[in-house]
Amino acid sequence: MRSRLLPLLIVLMAAVLVTLGFPLAISVAAAEQQRLVIDRIDDTARFAALAQSITDTSPDSEERRRTLQTDLELYASVYDIRAGVFFRDDRALAKAPGYWTLPAEGEGRTAFNEALLGRRSHDPPQVWPWRDGRVVVASPVVRDGDVVAVVVLDSPTGEMRSRILRTWLFIGLGEALALLVAVGAAVRLTGWVLLPVRTLDAATHDIAGGRMRSRVAASAGPPELRRLARSFNEMADNVEDVLEQQRAFVADASHQLRNPLAALLLRIELLALELPEDSEEIAAVRTEGKRLARVLDDLLDLALAEHAEADLQLIDIVPLAAERVASWRPMAEREGVNLTLDGAPAATAWADPVALSSALDAVVDNALKFTPAGEDVTVTVAAGAREATVVVADRGPGLTEAELERVGDRFWRSTRHQNVSGSGLGLSISRVLLAAGGGSIAYEHHEPHGLRVTVTVPRDQPGS
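So, here is what we can say about the structure in this document. Predicted model only: the values in this text are computed from it and were never measured.

## A few points about empty space enclosed by the protein
Here's step 1: In this structure the tally under the stated criterion is 1 cavity of 30 Å³ or more.
Here's step 2: Lining the largest cavity are 14 residues; nearest its centre among them are Ala-351, Asp-352, Leu-433, Leu-434 and Gly-437.
Here's step 3: Sorting the residues of the lining of the largest cavity by element identifies β7 (348-351), α8 (353-370), α10 (426-436) and β11 (451-458) as the ones contributing at least two each.
Here's step 4: When grouped by side-chain class, the residues that make up the lining of the largest cavity number 10 nonpolar, 3 polar and 1 charged.

## Quick notes on the sheet that holds strand β10 (residues 440-445)
Here's step 1: On the basis of which strands lie adjacent, the open sheet formed by 5 strands has the order β6-β8-β9-β11-β10 and mixed pairing. With one partner strand each, in any of the chains shown, β6 (338-343) and β10 form the two edges of the open sheet. For this sheet, the mean angle separating the axes of adjacent strands, direction not counted, is 15 degrees.
Here's step 2: Bridge count for β6 against strand β8 (residues 376-383) is 6 bridges, and the pairing is parallel. When the sheet's bridge partners are listed, Leu-339 is paired in β8 with Val-377.
Here's step 3: Relative to β6, helix α7 (residues 317-335) is tilted by about 170 degrees, and along the sheet it contacts β6, β8, β9 (387-394) and β11.

## What about the pattern of salt bridges?
Here's step 1: Per the stated rule, a full pass over the model turns up 18 salt bridges.
Here's step 2: Asp-39 is the partner of Arg-40 in a salt bridge, and the nearest nitrogen-oxygen pair spans 2.4 Å.
Here's step 3: Residue Asp-39 is classed as partly exposed on the basis of its relative accessible area of 38%.
Here's step 4: Note that Asp-90 is salt-bridged to Arg-109, the shortest N-O span being 2.8 Å. Within this pair, whereas Asp-90 is found in the loop between β1 (82-87) and β2 (92-96), its partner Arg-109 is found in helix α3 (residues 107-116), the two being separated by 19 residues in sequence.

## So, the nonpolar core
Here's step 1: Within the largest apolar cluster, 39 residues are counted, with the highest numbers of intra-cluster contacts made by Ile-317, Leu-339, Leu-356, Leu-368, Tyr-443, Val-455 and Val-457.
Here's step 2: Those elements that provide at least two residues to this core are α7, β7, α8, β8, β9, α10, β10 and β11.
Here's step 3: Leaving out residues up to four positions away in the same chain, Leu-339 has contacts with Val-325, Trp-328, Arg-329, Ala-332, Val-364, Val-377 and Val-379.
Here's step 4: Leu-72, Phe-87, Ala-96 and Leu-153 belong to the second-largest nonpolar core, a separate cluster that totals 19 residues.

## Looking at the side chain of Arg-40
Here's step 1: Within the secondary structure layout, Arg-40 lies in helix α1 (residues 2-52).
Here's step 2: Of the polar contacts made by the side chain of Arg-40, one reaches the side chain of Ser-155; its length is 2.7 Å.
Here's step 3: Residues within four places of Arg-40 in sequence aside, it is in contact with Tyr-75, Ile-81, Val-137, Leu-153 and Ser-155.

Definitions and limits used
- Residues numbered from 1 in each chain as written.
- Predicted model: local features only at pLDDT ≥ 70, side-chain atom pairs only at ≥ 80, totals over all residues.
- Heavy atoms only, no water.
- 1 Å grid on protein atoms, 1.4 Å probe; cavity = no way out; pocket = protein on both sides within 12 Å on 5 of 7 lines; lining within 4 Å.
- Points joined across faces, edges and corners; volume = space filled by probe spheres on them.
- Helix = DSSP H or I, 4+ residues; strand = E, 2+ residues; numbered from the N terminus.
- Nonpolar A, V, L, I, M, F, W, Y, C, P; charged D, E, K, R; others polar.
- Pairing = 2+ DSSP bridges.
- Axes fitted to C-alpha atoms, helices over the stretch in contact; angles between N-to-C directions.
- Contact = heavy atoms within 4.5 Å.
- Salt bridge = Lys/Arg side-chain N within 4 Å of Asp/Glu carboxyl O.
- Buried < 20%, exposed > 50% of the residue type's maximum accessible area, 1.4 Å probe, protein only.
- Core = buried A, V, L, I, M, F, W, Y, C linked by side-chain atoms within 4.5 Å.
- Polar contact = N/O pair within 3.5 Å; in protein donor to acceptor, adjacent residues only side chain to side chain.

Following this line, the structure appears as structure tokens:
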């Protein structure tokens with residue numbers, strides 16, 4: 001969620017900064033050019049006042065014209081600005097530099113024509129840093145209410161564009177710093193908002209994995225998420241209480257039924273003394289009674305397995321698998337099945353030794369029950385990057401696709417194997433024991449026929 005929320009916040013903040021930055025940059029450029037235009041307008045007003053007294057026929061007009069020419073030349077040399085006073089017919093009263101003439105078209109001609117109408121020329125178009133341009137300002141020289149000449153200033157914009165660019169760079173740097181600050185604030189904000197969500201997600205996974213005592217600390221994040229954390233804790237407490245009651249009921253019922261069942265079996269044996277030795281009914285009753293006793297024992301084991309905490313240890317599962325294979329080899333030899341151990345020489349993993357041994361016993365026992373004489377049962381140990389596996393593959397009849405979906409369910413047994421002894425709880429107990437330590441058990445076909453059972457345990461400590 002953070003990877004989706006954080007980019008959204010960053011994009012929104014970047015859009016806000018850009019939205020504010022562009023108008024600011026444009027206003028800075030306009031302000032710089034306006035300042036330049038105002039400065040040039042003041043200069044044109046000064047030159048127009050000097051030129052106004054030259055237009056008459058007084059004897060000192062030539063002297064005044066030379067003074068104006070000197071001022072224009074000094075102004076042009078100092079500021080590198082083309083300056084001139086032109087009559088209505090484009091003749092120059094005075095100008096600098098000497099080679100400069102009014103253009104026939106463009107901004108200079110437009111400004112000159114506007115000044116001939118008796119008003120200052122309009123503000124020139126905006127000049128941007130990436131485009132070389134000039135600013136032309138023209139003011140009329142008025143005598144007796146008539147425009148007799150026009151003062152024209154044609155200014156370069158290199159320095160102005162440099163100032164605009166420097167200001168823009170400062171604005172860009174400020175926006176970059178503001179974006180970094182905003183990103184830092186967004187990271188902290190999303191972390192603060194999503195901390196209860198991450199904690200809740202971790203607690204949910206723990207409970208789904210069988211660690212029912214996991215809870216959420218409702219002390220961080222927004223009030224709504226803190227309230228959600230408290231509600232989750234209350235729900236988890238209620239669920240744990242219900243499951244505990246169920247486990248206690250199963251354990252108590254299994255334990256309490258064993259004594260009446262034992263007494264019943266004893267009475268059956270006493271009755272059998274008065275019946276013929278080969279009575280099929282008595283044999284059937286004995287078989288069902290023993291099966292019921294095994295079911296009660298397995299129910300008690302299942303209740304204890306769901307209640308017990310896993311005693312995780314970092315162990316080498318190869319010697320443990322070898323020990324269980326050796327324990328089942330006499331039965332395999334009696335059934336005529338070839339039981340072998342293969343795979344890695346060593347494979348360390350985090351597991352409860354008792355739980356893993358019980359799971360391997362259940363899986364190997366099933367494999368030997370359903371594998372016909374002369375076939376193989378192979379136990380293979382492998383070590384991966386994140387987990388270690390023990391694969392038990394047999395050459396029995398295997399299971400159908402529908403049966404693979406149900407194998408491991410409590411009390412489930414294939415209709416094809418009802419005559420094989422068992423309660424249907426062994427694999428369920430194994431799954432519960434493995435899940436408590438972060439392990440799992442999976443089933444698949446073993447081509448061309450048979451079943452392949454994979455017991456998986458983590459190589460990294462669960463919860464680390």
